[in-house]
Amino acid sequence: QVQLVESGGGLVQAGGSLRLSCAASGRTFSSYEMGWFRQAPGKEREFVAAIRGSGTITYYADSVKGRFTISRDNAKNTVYLQMNSLKPEDTAVYYCAGREAGTRTYDDWGQGTQVTVSS
């Protein structure tokens, strides 16, 4: 199990950029697949991006492909989400999540960080 703490959210104008960070505690971080999810008001939580433990394999939702980049630094136990060309529809609470390699569900979640994109 890992504990996750997100940071980097805020208010930005449409077309702008933000970088979210997720710091993890625990000695097995490099074996965890990490993901970013988001939840907008009145909507269900949705997948945004994920990265395998090695950092070489990534996955993206179609809605963010080409605009967002997920990365990780296993030496710092941190995963990042670089968000460019932000749109008002990207406004949501963004959550970091982790799961052990080979498991199907994300069991570890952060508290979330608010991202607001103004038009």
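Coordinates for the structure precede this section.
Scope of this entry: the structure provided in the associated data block.

**Considerations on the sheet that holds strand β1 (residues 3-7)**
Pairing in this open sheet of four strands is antiparallel, and the strands run β1-β3-β8-β7 from one edge to the other. Either end of the sheet is taken by a strand with one partner, and the two such strands are β1 and β7 (68-73). Between one strand and the next, the sheet's axes are offset by a mean angle of 15°, whatever the strand orientation. The pairing of β7 with strand β8 (residues 78-83) spans six bridges and is classified as antiparallel. Each bridged residue has a counterpart across the sheet, and for I70 the counterpart in β8 is L81.

**Structural notes on the nonpolar core**
Within the largest apolar cluster, 28 residues are counted, with the highest numbers of intra-cluster contacts made by M34, W36, L81, M83 and Y94. Every element with two or more residues in this core is listed here: β3 (18-25), β4 (32-39), β5 (46-51), β7, β8, β9 (92-100) and β11 (113-118). For this core, the leading source of residues is β3, giving four residues. Here Y94 is in contact with E6, L20, W36, F37, R38, V48, F68, L81, M83, G112, T113 and V115, once residues within four sequence places are set aside.

**Quick look at unusual backbone geometry**
Backbone geometry places N77, a non-glycine residue, at a positive phi of 50°. With respect to the helices and strands, N77 occurs in the loop between β7 and β8. Positive phi values are uncommon outside glycine, yet S85 reaches one of about 50°. On the basis of relative accessible area, S85 is assigned to the partly exposed category, the value being 41%.

**Focus on the environment of D90**
Inspection of the secondary structure assignment puts D90 in the loop between β8 and β9. Taking relative accessible area as the criterion, D90 reaches 1% and is therefore assigned buried. For the pair D90 and G9, spaced 81 residues apart in the sequence, the C-alpha separation amounts to 12 Å. At a separation of 2.8 Å, a polar atom in the side chain of D90 contacts the side chain of R67.

**Considering the packing of aromatic side chains**
Counted under the stated rule, the structure contains four aromatic pairs. When the centroid spacing of 5.7 Å and the interplanar angle of 75° are considered together, the rings of F37 and F47 count as edge-to-face. One end of the pair, F37, is in strand β4; the other, F47, is in strand β5, and 10 residues separate them in sequence. Ring pairs connect the aromatic residues F37, F47, Y106 and W109, which therefore count as one cluster. Looking at R72, its charged tip hangs above the ring of F29, at a distance of 4.4 Å from the centre.

Conventions adopted
Residues numbered from 1 in each chain as written. Predicted model: local features only at pLDDT ≥ 70, side-chain atom pairs only at ≥ 80, totals over all residues. Heavy atoms only, no water. Pairing = 2+ DSSP bridges. Helix = DSSP H or I, 4+ residues; strand = E, 2+ residues; numbered from the N terminus. Axes fitted to C-alpha atoms, helices over the stretch in contact; angles between N-to-C directions. Core = buried A, V, L, I, M, F, W, Y, C linked by side-chain atoms within 4.5 Å. Buried < 20%, exposed > 50% of the residue type's maximum accessible area, 1.4 Å probe, protein only. Contact = heavy atoms within 4.5 Å. Polar contact = N/O pair within 3.5 Å; in protein donor to acceptor, adjacent residues only side chain to side chain. Phe/Tyr/Trp six-rings, centres within 6.5 Å; stacked < 30°, edge-to-face > 60°. Lys NZ or Arg CZ within 6 Å of the ring centre and 35° of its normal.

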